[in-house]
Amino acid sequence: MQMPVDLKPQQMRYIPPDTPFRHPSPSMQCDVCQQNPATVFLTQILKGELQKVNLCEACSKAKGVTDPTGFALAEMLWGLGTTDTSEVARERICPACKLSQSIFRKSGRLGCSMCYQTFRESINHLLKAMHKGVQHTGKTPAKWEPPAPAVAAPAPDPPVNRLHDLQLSLQLAVDGEQYEEAARLRDEIKREESS
Amino acid sequence: MKFNALLRRTPEWMQTSGPHRDIVITSRIRLARNLEGELFPGWAKKEGRFEVLAKLLPHLNSLPEFQDAFIEDMGDLDQIKKQVLVEKHLISREQAAKSAGSAAIINPEQSISIMVNEEDHLRIQSIRSGLDLTQAFAVLDRLDTELSTRVTYAFDAQLGFLTACPTNLGTGMRASAMLHLPALVLSDSMNQVISAVQKIGLAVRGLYGEGTEALANLFQISNQHTLGENELDIIARLEKVIEQIINHERNARAKLLQDDPNRINDHLGRAYAILRHAHILESKEAFNHLSMLRMGSDTGLLPVELGKLLDTVLVEIQPAHLQIASQKKLTAPERDVMRAQMLREKLQQLPEPRLL
C-alpha cells in the first residue's frame, strides 16, 4: 500500500556495513556508548536539517537500526527531540505501571491493563478505524462478572493535551497501516496547530 | 517431552487431510490473553516476567492437552532449536528472539502450542490441516475457558480481552489460513485478490507472517479486526472469503491447463529436473519449484500421494531444520548444497510429470 507522501517516515539512509563507506574515519566513536568505534553511519533529514549519527555494531543492533522494519528508529535514537519541557510536564503517565504517553506513542504497546483507562481517550480515537466496532461482542472469561452499575463513575480524566492525543492517534494509525484515518488525523493536527 | 522427541514426531496436521487440503495447507487460530494486575511482558521487568511464568506454568501443566508436552524456557533453547520451532509455525519469530522468562509449551501432536510472555502473557495457538478454522477454534475455546476458571484474565466489558497492542483488543483472536495459490500467481491475478481481500478488512501475508515474502506461492489470509465482531462471526466471514479464493484458484488452474499447456509442461519439467538434479539450491528457488510439483500433484499430472511428502519437505529444507539434521552449524552456501542433496534423495522415486 502506498503511503501518503507527507506521512513517510523520516528520510534516512542506512549504509550497510559491507559498503566501502564503512570506515571513513577509524577514530570515529559511537555516539551512544562513546566507547566502540562507529561502523554504522546514519543520515537523516529532520525538519529540513541534516542530522548524522554514528553507531557501533552493537549499539546499531540494540537500536534496531539494521532491522528494515524498524522505522521508529529516528524516535528511538533522538526521542525525536521535539518534546519540550512544557509538554513533558503535561504528559500523561499510567499510575499503575508508569508507562508514559510518549513511550506508548513510540512503541504502540501499552504497559498494563490499567493503561486502557489512562490513555482511553487516545485509544478511543483509533478503535473505529482499527476495528470493526468499539464494543466487544465475543466471549467473556468464565470467572468474569459484569461490573455492578452502582459503582461510582471513574474520576474525570485530567485536562487533555488534544494535540498530544491526536499525534498519538496518528502514530498508531500509521503503525496500523490505517492510512486513510492517518491522513484525516494529519489534517486535524494541522488545524489544531494553526488554531 | 524432549526437543528431539518432538522433532521426530510428525505433526498431526501433516498426517490428516482437512477440507480443501489441496489448496489450504493449514488453518490456525491464536488467542491473546493477559493476567489481571500484571504488567504486560514488553513493559515488565525480568522478575515480573519470571513471576508470571511461574504463576502460569502449574496451570498449563495440568491441562489434559499438555500431558507429556514439550515445555521449555526460551533461555534454555539455542538459536537453531528456536528457529526450528519457528519454521514449524509452533512459535513466532518474536518469541524466538526472547530469552529466559518466556516459554514455549507444545502438545505432542503439535496441534496446540502456547507462548508465555511473548507480546502478551499468553498466546494460545491451534493448528489444523485444511480449511477448518471452526474446529481449530473449538479446541482453543475449551482450553481457554478452562484456563479462565483458574487465572484471572485482564478483561473489560467494552474492550474485551485487554492486550499489549490495541490492534488485538476484543476477542484477542487471529484466525488465519495458509493457502497455496500458484495458478493465481502464474496468471497475474494475485495482486487483484490481495487488494480485494484487504478492502474487506482481512490481511494477506507471506509464509512467516508480517513483512515476509510470499515464498512457494503460499499466502496467509487472516482477520485484521478483533473488536466489534464475535469469534464465530469473524471465522465465518473469513472462511467464506477463503472459499471464494479457493474457487478462483481452481478456475485459474483449469484455465491454465486448458489454455497454456506448454507453460504448465515447462514449469513442471523444470521443477522436476532441477529438484532431482541440482547440487546447489537456495531456499527461494527450491520453494518455488516445490510449489509447481505440488500443483502438478493436485491436478493429477504427478501422483496425488506426493502432496504430503512435499508439505514435509517444505519444512525440512529450511535453514534450521537442515542444521539440526546435519547436527552442526552450516553457512548459507553449505545449506544450499545440503538442501539440494536432501531434495535429490527425497524425490528419487518421483516419476516424470505426465505431459498435457
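None of these values were measured; they are calculated from a predicted model. (Residues numbered from 1 in each chain as written. Chains lettered and ligands numbered in written order. Predicted model: local features only at pLDDT ≥ 70, side-chain atom pairs only at ≥ 80, totals over all residues. Heavy atoms only, no water.)

J.: Just checking my understanding: could you explain the domain arrangement of chain B for this structure?
T.: How big an interface is tends to be stated in terms of accessible area lost as the parts join. All names here are of chain B. For chain B, the assigned domains are domain 1 (3–252) and domain 2 (260–346). Taking only C-alpha atoms, the centre of domain 1 and the centre of domain 2 are 26 Å apart. At the junction of the two partners, domain 1 supplies 26 residues and domain 2 supplies 22 residues. Buried surface at the junction of domain 1 and domain 2, both sides included, amounts to about 2100 Å², of which 65% is carbon and sulfur. The largest contributions to the domain 1 side of the interface with domain 2 come from Ile80, Glu87 and Leu186, which together make up 29% of the buried area. At the boundary of domain 1 with domain 2, the tally comes to one salt bridge. Between Arg21 and Asp311 there is a salt bridge, with the nearest N and O atoms lying 2.8 Å from each other. Applying the counting rule to domain 1 against domain 2 returns eleven residue pairs in polar contact (both at pLDDT 80 or more). Looking at the side of domain 1 that touches domain 2, the elements with two or more residues in it are helix H1 (3–8), helix H2 (12–15), helix H4 (79–87) and helix H7 (182–186). Of the residues in the side of domain 1 that touches domain 2, the class split is 14 nonpolar, six polar and six charged. (Domains from an automatic or database assignment. Contact = heavy atoms within 4.5 Å. Buried area = accessible area lost by both parts, 1.4 Å probe. Salt bridge = Lys/Arg side-chain N within 4 Å of Asp/Glu carboxyl O. Polar contact = N/O pair within 3.5 Å; in protein donor to acceptor, adjacent residues only side chain to side chain. Helix = DSSP H or I, 4+ residues; strand = E, 2+ residues; numbered from the N terminus. Nonpolar A, V, L, I, M, F, W, Y, C, P; charged D, E, K, R; others polar.)

J.: Help me understand the interface of chain B and chain A in this model?
T.: Facing the 43 residues of chain B at the interface are 31 residues of chain A. Together, the buried faces of chain B and chain A total about 3200 Å²; carbon and sulfur atoms form 60% of this surface. Inspection of the chain B/chain A interface yields four salt bridges. Between B:Asp156 and A:Arg120 there is a salt bridge, with its nearest N and O atoms 3.5 Å apart. Contributions of two or more residues to the side of chain B that touches chain A are made by helix H6 (133–150), strand S6 (155–156), strand S7 (160–161) and helix H9 (231–259) of chain B. Counting residues per element, the side of chain B that touches chain A draws most heavily on H6(B), at six residues.

J.: How should the side chain of B:Ser126 be read in this particular structure?
T.: Residue and element names in this part refer to chain B. Within the fold, Ser126 resides in strand S5 (residues 122–129). Under the relative-accessibility criterion, Ser126 is labelled buried at 2%. Engagement of the side chain of Ser126 in a polar contact is seen with the backbone oxygen of Ala136, the distance being 2.8 Å. Ignoring anything within four residues of it in the chain, the contact list for Ser126 reads Ser27, Arg28, Ile29, Ser111, Ile112, Ala136 and Leu140. (Buried < 20%, exposed > 50% of the residue type's maximum accessible area, 1.4 Å probe, protein only.)

J.: For this particular structure, what's the right way to read the packing of aromatic side chains?
T.: Aromatic rings considered in pairs are described by the distance between their centres and by the relative angle of their planes. All chains considered together, the criterion is met by five aromatic pairs over all chains. Seen from their ring centres, B:Tyr153 and B:Phe161 are 5.9 Å apart, and the 75 degrees between their planes marks the pair as edge-to-face. Of the two residues, B:Tyr153 and B:Phe161, both sit in the buried class. By the ring-pair criterion, three or more aromatic residues cluster together here, those being A:Trp144, B:Tyr153, B:Phe155 and B:Phe161. The ring of B:Phe161 has B:Arg33 sitting right over it, with the charged end atom 3.5 Å from the ring centre. (Phe/Tyr/Trp six-rings, centres within 6.5 Å; stacked < 30°, edge-to-face > 60°. Lys NZ or Arg CZ within 6 Å of the ring centre and 35° of its normal.)

J.: So what exactly am I meant to see when it comes to the packing of helix H6 (residues 120–130) of chain A against helix H7 (residues 162–175) of chain A here?
T.: Two numbers describe a pair of packed helices, the interaxial angle and the distance between the axes. All names here are of chain A. In the contact formed by H6 and H7, the axes pass within 9 Å of each other and the chain directions differ by 45 degrees. Relative to H7, the element H6 lies oblique. As H6 runs across H7, the sense of the crossing is right-handed. The segment H6 lies against H7, with Glu121, Ser122, His125 and Leu126 engaging Arg162, Asp165, Leu166, Leu168, Ser169, Leu172 and Ala173. (Axes fitted to C-alpha atoms, helices over the stretch in contact; angles between N-to-C directions. Parallel < 35°, antiparallel > 145°, perpendicular 65-115°, else oblique. Left-handed = near helix turned anticlockwise from the far one by under 90°.)

J.: How do you make sense of the environment of A:Ile103 when you look at a structure like this?
T.: Residue and element names in this part refer to chain A. Take Ile103: it is sitting in helix H4 (residues 101–107). On the basis of relative accessible area, Ile103 is assigned to the partly exposed category, the value being 29%. The sequence separation of Ile103 and Ile93 amounts to ten residues, and the corresponding C-alpha distance is 9.6 Å.

J.: Would you take a moment to explain the pattern of salt bridges for this structure?
T.: Oppositely charged side chains are able to pair whenever their charged atoms sit close together. All told, the structure shown has 27 salt bridges over all chains when counted by the stated rule. Across the pair B:Glu119 and A:Arg109 runs a salt bridge whose closest N-O atoms are separated by 3.0 Å. Placement of the pair is B:Glu119 in the loop between strand S4 (112–116) and S5 and A:Arg109 in the loop between H4 and helix H5 (115–118), with the two residues belonging to separate chains. The class for A:Arg109 is partly exposed, based on a relative accessible area of 33%. Notably, a salt bridge pairs B:Arg250 with B:Asp22, separated by 2.5 Å at the nearest N-O pair. On the criterion of sequence distance, the pair formed by B:Arg250 in helix H9 and B:Asp22 in the loop between H2 and strand S1 (24–33) is long-range, its members being 228 residues apart. One salt-bridge network, held together by shared partners, links B:Arg21, B:Glu249, B:Arg253, B:Arg294, B:Asp298 and B:Asp311.

J.: Even after reading the chapter, I still don't get the sheet that holds strand S2 (residues 70–73) of chain B, so can you show me in this structure?
T.: Neighbouring strands of a sheet are bound in pairs by backbone hydrogen bonds; such pairs are parallel or else antiparallel. All names here are of chain B. Pairing within the open sheet is antiparallel, and its eight strands lie in the order S2-S3-S4-S5-S1-S8-S10-S9. The two strands at the open ends of the sheet, each matched to only one other strand, are S2 and strand S9 (202–205). The average angle at which neighbouring strand axes cross in this sheet is 15 degrees, direction not considered. Here S1 pairs with strand S8 (residues 173–180) via seven bridges, running antiparallel. (Pairing = 2+ DSSP bridges.)

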